[in-house]
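Observations on chain architecture
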Amino acid sequence: MAVKLLKNYAVVLMVITIILLIIIPMPPALADVAILVNMALSMMILVITMTIHSPLEFSIFPTLLLITTLFGLGINVSTTRNILSNGGGSGQIIAAFGNFVLGGNIVVGLIIYIIIVLMNFMVINKGAERVAEVAARFNLDAMPGKQMAIDSDMSAGLIDEREAARRRSDVQREADFYGSMDGATKIVKGDAVMSLITTAINLFGGIIIGMVQGGGDLQTVFQTYSIATVGDGLVGQIPSLLVSTSTGMIVTRAVAKGSLNEDISQEFLQQPRAFTISGILVAVLAVIPGMPIVQILLVAGGLIGAGYYLQKQQASAATSEDFPAFASAPAAPSGGGRTAAAAAESGGTGKQEEEQPAEQTAKNTKEEDYFKDVNNVYRLLVVEPIELDFGYSLIPLADESVGGRLISRIVIFRRQFAQDMGFVVPSIRLRDSSNLGTNEYVIKIKGEEVARGEILTDYFLALEPDKPEKDIDGIDTIEPAYGIPSKWIKPENREKAELYGYTVIDPLSVMVSHLSEVIKVHAYELMTRQEVVRLVDNLKQTAPELVQEAIPNIVSYSLLQRVLTMLLKEGVAIKDLETILENMVETITDTGLPVKDIDNVVDKVRVALKRTITRMYGEDGTMRVITLDSDLERTMVNSLTKGENGYYLALTPDVLQSVVQQVAAEIRKFNNLSQTPVILTSQIMRTHFYHMIGQFYPNVRVLSFNEVANNVQIQSIGSLKLEEGGQKELA
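Everything numeric here is computed off the predicted structure, so don't read it as measured data.

Rules used throughout
Residues numbered from 1 in each chain as written. Predicted model: local features only at pLDDT ≥ 70, side-chain atom pairs only at ≥ 80, totals over all residues. Heavy atoms only, no water. Helix = DSSP H or I, 4+ residues; strand = E, 2+ residues; numbered from the N terminus. Buried < 20%, exposed > 50% of the residue type's maximum accessible area, 1.4 Å probe, protein only. Areas by Shrake-Rupley, 256 points an atom, 1.4 Å probe, with all protein chains shown as cover. Salt bridge = Lys/Arg side-chain N within 4 Å of Asp/Glu carboxyl O. Pairing = 2+ DSSP bridges. Axes fitted to C-alpha atoms, helices over the stretch in contact; angles between N-to-C directions. Contact = heavy atoms within 4.5 Å. Patch = residues over 30% accessible without salt bridge, like charges linked within 9 Å, V, L, I, M, F, W, Y side chains within 5 Å. Lys, Arg positive; Asp, Glu negative; His and termini not counted. Charge placed at Lys NZ, Arg CZ, Asp CG, Glu CD. Parallel < 35°, antiparallel > 145°, perpendicular 65-115°, else oblique. Nonpolar A, V, L, I, M, F, W, Y, C, P; charged D, E, K, R; others polar. Phe/Tyr/Trp six-rings, centres within 6.5 Å; stacked < 30°, edge-to-face > 60°. Arc of directions from axis to C-beta. Polar contact = N/O pair within 3.5 Å; in protein donor to acceptor, adjacent residues only side chain to side chain. Core = buried A, V, L, I, M, F, W, Y, C linked by side-chain atoms within 4.5 Å. pLDDT = per-residue confidence, 0-100. Left-handed = near helix turned anticlockwise from the far one by under 90°.

**Some details on the overall build of the protein chain**
Counting its secondary structure elements, the protein chain contains 28 helices and 15 strands. A total of 731 residues make up the protein chain; the buried ones form 43% of that total. Carbon and sulfur atoms make up 58% of the accessible area of the protein chain, which amounts to about 38,500 Å² in all.

**Some thoughts on the pattern of salt bridges**
Under the defined criterion, the tally for this structure stands at 20 salt bridges. We note a salt bridge from Glu 449 to Arg 452, for which the minimum N-O separation is 2.8 Å. Taking the relative accessible area as the measure of exposure, Glu 449 reaches 41% and is therefore partly exposed. Classification of Arg 452 as partly exposed rests on a relative accessible area of 41%. Beyond isolated ion pairs, a larger network of salt bridges with shared partners links Glu 570, Asp 603, Arg 606, Arg 686 and Glu 707.

**Quick look at the sheet that holds strand E7 (residues 475-478)**
Reading across the sheet, the 4 strands line up as E7-E8-E6-E9 and stay open at both edges, with antiparallel pairing between neighbours. Among the strands making up the open sheet, the edge pair consists of E7 and strand E9 (503-505). Each strand of the sheet is rotated relative to its neighbour by a mean of 35°, with strand direction disregarded. For E7 and strand E8 (residues 485-489), the ladder comprises 4 bridges, and the chain directions are antiparallel. Pairing of Thr 477 across the sheet is with Ser 486, part of E8. Helix H18 (residues 507-521) contacts strand E6 (460-463), E8 and E9 of the sheet and is inclined by roughly 90° relative to E9.

**Details of a negative patch on the surface**
Together, Asp 576, Glu 578, Glu 582, Glu 586 and Asp 590 make up a region of like negative charge exposed at the surface. The topology assignment puts Asp 590 in helix H22 (residues 577-591). Classification of Asp 590 by relative accessible area gives exposed; the value is 62%.

**Side note on the pairing of E8**
With respect to burial, E8 is a largely interior element, 4 of its 5 residues being buried. As defined by bridge partners, E6 adjoins E8 across 4 bridges and the pair is classed as antiparallel. By the bridge assignment, Leu 461 is partnered in E8 with Trp 488. Where E7 hands over to E8, the hairpin turn is made up of 6 residues, of which Gly 483 adopts a positive phi near 70°.

**Looking at a nonpolar patch on the surface**
A cluster of nonpolar side chains, contributed by Val 12, Ile 16, Leu 20, Ile 22, Ile 23, Ile 24 and Val 77, occupies part of the molecular surface with about 570 Å² of accessible area. Here the element with the most residues in the nonpolar patch is helix H2 (residues 10-23); it accounts for 5 residues. Take Val 77: it is sitting in helix H4 (residues 61-85).

**Concerning the packing of helix H25 (residues 630-638) against helix H27 (residues 683-693)**
Between H25 and H27, the shortest axis-to-axis distance is 11 Å and the interhelical angle comes to 90°. Accordingly, the angle class assigned to the pair H25 and H27 is roughly perpendicular. Between H25, through Glu 633, Met 636 and Val 637, and H27, the contact on the second element is made entirely by Met 685, Phe 689 and Met 692. Grouping the constituent residues of the contact of H25 with H27 by class yields 5 nonpolar, no polar and 1 charged.

**Concerning the packing of aromatic side chains**
Following the criterion strictly, the structure yields 2 aromatic pairs and no others. Ring geometry for Phe 413 and Phe 417: centres 5.6 Å apart, planes at 35°, overall tilted. Of this pair, Phe 413 and Phe 417 both sit in helix H16 (residues 406-421), 4 residues apart, roughly one helical turn. Relative accessible area serves as the criterion here: at 4%, Phe 413 is assigned to the buried category. Since its relative accessible area comes to 5%, Phe 417 is described here as buried.

**Side note on H25**
For H25, the set of buried residues is Leu 632, Glu 633, Thr 635 and Met 636. End-on, the buried residues of H25 take up no more than an arc of 155°, which puts them together on one face. A side-chain oxygen of the first residue of H25 lies 3.1 Å from the backbone nitrogen of Asp 631; this N-cap is Asp 629.

**Quick look at the environment of Phe 177**
By the element assignment, Phe 177 lies in helix H7 (residues 161-214). Residues Phe 177 and Leu 56, spaced 121 residues apart in sequence, show a C-alpha to C-alpha distance of 7.5 Å. Not counting residues within four places of it along the chain, the set of residues in contact with Phe 177 comprises Pro 55, Leu 56, Phe 58, Ser 59, Phe 61, Pro 62 and Ile 250.

**What about unusual backbone geometry?**
A cis amide bond links Ile 551 with the next residue in sequence, Pro 552, at an omega value of 0°. In this structure, Pro 552 sits in the loop between helix H20 (544-550) and helix H21 (557-569). The residue Lys 446 is not glycine, and still its phi comes out positive at about 55°. Counting through the fold element by element, Lys 446 comes out in the loop between strand E4 (440-445) and strand E5 (448-454).

**Brief notes about the environment of Gln 172**
Its place among the elements puts Gln 172 in helix H7. Since its relative accessible area comes to 36%, Gln 172 is described here as partly exposed.

**A short note on the sheet that holds strand E13 (residues 678-681)**
The strand order across the open sheet formed by 4 strands is E14-E13-E10-E15, and the pairing between neighbours is parallel. Strand pairing shows two members of the sheet lacking a second neighbour, strand E14 (701-704) and strand E15 (713-720), which therefore form its edges. Taking the axes of each pair of neighbouring strands and ignoring which way they run, one obtains an average angle of 40° across the sheet. Of the strand pairs in this sheet, strand E10 (residues 622-628) and E13 are connected by 2 bridges, and their pairing is parallel. Directly across from Thr 627, in E13, lies its bridge partner Leu 680. Of the strands in this sheet, E10, E13 and E15 touch H25, which is tilted by about 60° from E10.

**Quick look at the nonpolar core**
In this structure, Leu 388 and Leu 560 are the most contacted members of the largest nonpolar core, which totals 78 residues. In this view, Leu 560 contacts Val 532, Val 536, Ile 551, Val 555, Leu 577, Leu 581 and Met 584; residues no more than four positions away in its chain are not counted.

**Brief notes about the confidence of the model for the protein chain**
Per-residue confidence for the protein chain gives a mean pLDDT of 78, with 78% of residues at or over 70. Highest mean pLDDT in the protein chain belongs to E4 (93); lowest belongs to strand E1 (residues 339-342) (44). The low-confidence segment residues 320-362, where pLDDT is below 50, has 71 contacts with residues more than four positions distant or belonging to other chains.

**Looking at the packing of H16 against H18**
Put simply, H16 and H18 touch, their axes get as near as 11 Å, and they point 35° apart. Our pair here, H16 against H18, has a crossing hand that is right-handed. Contacts between H16 and H18 involve Leu 406, Arg 409, Ile 410, Phe 413 and Phe 417 from the former and Leu 508, Ser 509, Met 511, Val 512, Leu 515, Ser 516, Ile 519 and Lys 520 from the latter.

**Notes on helix H23 (residues 598-608)**
For H23, the complete set of buried residues consists of Ile 598, Val 601, Val 602, Asp 603, Val 605 and Arg 606. Each element contacted by the buried residues of H23 is listed here: H21, H22, helix H24 (610-617), H27 and E14.

**A word on the side chain of Arg 686**
With respect to the secondary-structure elements, Arg 686 resides in helix H27. Accessibility expressed as a relative area gives 1% for Arg 686, which makes it buried. For Arg 686, the side chain forms a polar contact with the side chain of Glu 570, separated by 2.7 Å. Separated by 3.4 Å, the side chains of Arg 686 and Glu 707 make a polar contact. Once residues lying within four places of it in the same chain are set aside, the contact partners of Arg 686 are Glu 570, Asp 603, Arg 606, Thr 681, Val 702, Leu 703, Ser 704 and Glu 707.

Here you go:
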């Protein structure tokens, strides 16, 4: 029990003991032990800061900095008390350091000590303080962009909720860490100032005490107390210097990718030309008269030799890496590019199908002979649901033999999309195309191009924030998925861009995000009859009675396909297929067959799915919406006209133009929010308003009050109104 309590409260007892050192006198022998412990602890901290890969691996550093500083001050107070009360004696370590540094010359020793103190105070402390201050501000400014990047990755299916929560926690911890470091550097600065004060007290106070109380002569007293003062100052400054260096190390290594040794090996030693040129420049110094020729030639020869050795190592490494890559690269087939398919997962195992087009089969035969068989011609009529064609430079992103991760990322997205929306994305044809630019890619739905983009594989994409802290060099572009102004930046500028508030994305994530957003928008087009049959067969495993009763006697596959298509088109998840089918059966039973008003069926299903809809478009128990003014809604109700296919809005061009312009202005309020723009209407107007506005703004969601769960707070951030011209025309 006692051991457990000691373990749990060891740090508490240590801090209390440190505070007591300031009050309780410490014998010289015990002071030597405390000095050694302080030095060892400072060395451990320095080693840790040089070997960690990320500052968050040593997140307790700000608190530990306070404890070590307090420990050093406690030792300093105790040694000062011993020096002044014991005639300049405060242990063997202080005496040894004093004699070693002074070296028989008091003036030189004091000057060296003052230089060490000022170096610690003016160079290391001041620099670390400034870096910590800037890093804290930039990290706080970059937090919204980082959060948006995490949300984007999660929505694209690149990460799951657990990984997203972990990343959000890391972002918050990083901001808190740099905020704490900003304050902790003030502690180090105060410690350096306090060291100068105690040094002056030891020297002048000791001389006064030695002259007045000891009765010694000035030379002897000055000799005694100067040794003790310099020794005491050094044993305090060495740990302080180590801790200050650690502070500067951890805040300046915020942009590091690995430990200090790894970063030097990867970055510094990868520049053999710098060694060679520096060696040549040093050798030029030998022509200056009076310069030490031997020393110059030794240094110059060492640098040139190191540069030659490093260049030779790089050349041999490049040769060993390049030849296997070329040997393993498959040859492009005649008549088409290399292809691969990211197929649907089989039972969650991640198994991929490999699909071969007709041209691939014909590569070993003459094209004319192959197409003599009419059945082979029919194979040309197959239309792929989704295709991704890309230029030559983008092939390594898809080629798994060289580490390409495009297929695995697509598999992750398919799984996440199925979990979120209840729809399985069909196989995606990946194919390189000689008709595209080397850095271009094209996304096709059912054989037709719907989107295209261009990425630079050797760069990173930096999304510009609303108010960047500073501008960064790069190639201006537009992010393809969301249309955000961006820049292609070099990899070495990535961390700098993040500090300036940019959100930095790797090229593969840019293409996958674009592909995922296109698939989300066009998912309703991929809801084929065959896919509906698969979903129904899957539902039979959990609700066989419902399926047997409903299909096809009450709900035909055609009707179910139309309802699911309409739900997907408006971004509503169809994962709860059982609820959808039950409500369709209930609605159709009440209204009778045949079903003429599908919009009514969809509206009833949407009300049943209100918890799902609320979850998708609400955030933290709040849903921010744009509402319709009562006059505008009344005008719309009065303008409903019955046609051959049901009712439709017959608004005047002026009213329609006014509404469209107002929607454009109001949805801008959602730019800084993570929520999709939502317009809230009455139940009777929801479908008609969506059909009117959807052609202009397909990404805006139109909900009715009945589709919002009761436990959600609705917050109106804008309103659409009937303007003066529309009122006069109505009158």
